[in-house]
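Single-letter residue listing:
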Amino acid sequence: MKKSIFALAVAGMALVSCKKDYSCTCNSSGVDYYDSDLDGTEEAHPYANTYNIKIEGANKTQAAAACTEATIKQQDGMDTYEYTCDLSK
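Residues numbered from 1 in each chain as written. Predicted model: local features only at pLDDT ≥ 70, side-chain atom pairs only at ≥ 80, totals over all residues. Heavy atoms only, no water.

## As for the state of the cysteines
Counted under the stated rule, the structure contains two disulfides. At a sulfur-sulfur separation of 1.7 Å, the disulfide partner of Cys24 is Cys67. Note on the Cys24 and Cys67 pair: the S-S dihedral is about -95°, so by sign convention the disulfide is left-handed. You can see Cys24 sitting in strand S1 (residues 20-34) and its partner Cys67 sitting in helix H2 (residues 60-69), a full 43 residues away along the chain. A single burial state applies to Cys24 and to Cys67, both of which are buried. At a sulfur-sulfur separation of 2.0 Å, the disulfide partner of Cys26 is Cys85. The S-S bond linking Cys26 to Cys85 shows a torsion near 110°; that makes this disulfide right-handed. Of this pair, Cys26 sits in strand S1 while Cys85 sits in strand S4 (residues 79-87); the two residues are 59 residues apart in sequence, bridging distant segments of the chain. Across this residue pair, the class does not change: Cys26 and Cys85 are buried. What links to what in the chain: the bonded cysteines, counted in sequence order, pair as 1-3, 2-4. (Disulfide = S-S within 2.5 Å. Helix = DSSP H or I, 4+ residues; strand = E, 2+ residues; numbered from the N terminus. Buried < 20%, exposed > 50% of the residue type's maximum accessible area, 1.4 Å probe, protein only.)

Spatial relationships are all this shows, so hold off on functional conclusions.
As structure tokens, then:
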């Protein structure tokens, strides 16, 4: 019985700590202000992009943490930026 429990524990740990490749799906969005029509007034130019980041050789907990760490909010003058990522695999 003890051998069965030990074998199950080892198998469970192997599954939990299995290292493989994961992906984060990331979104970047914000508003850039610049004078696109050269009239002397800066206009707002919103943008949004989606992209993927590959995380190699991590377990699921590490990969999820890496995606969460990739969340950034920033302001530079009137320009605003936001980058968010979620584990996608």
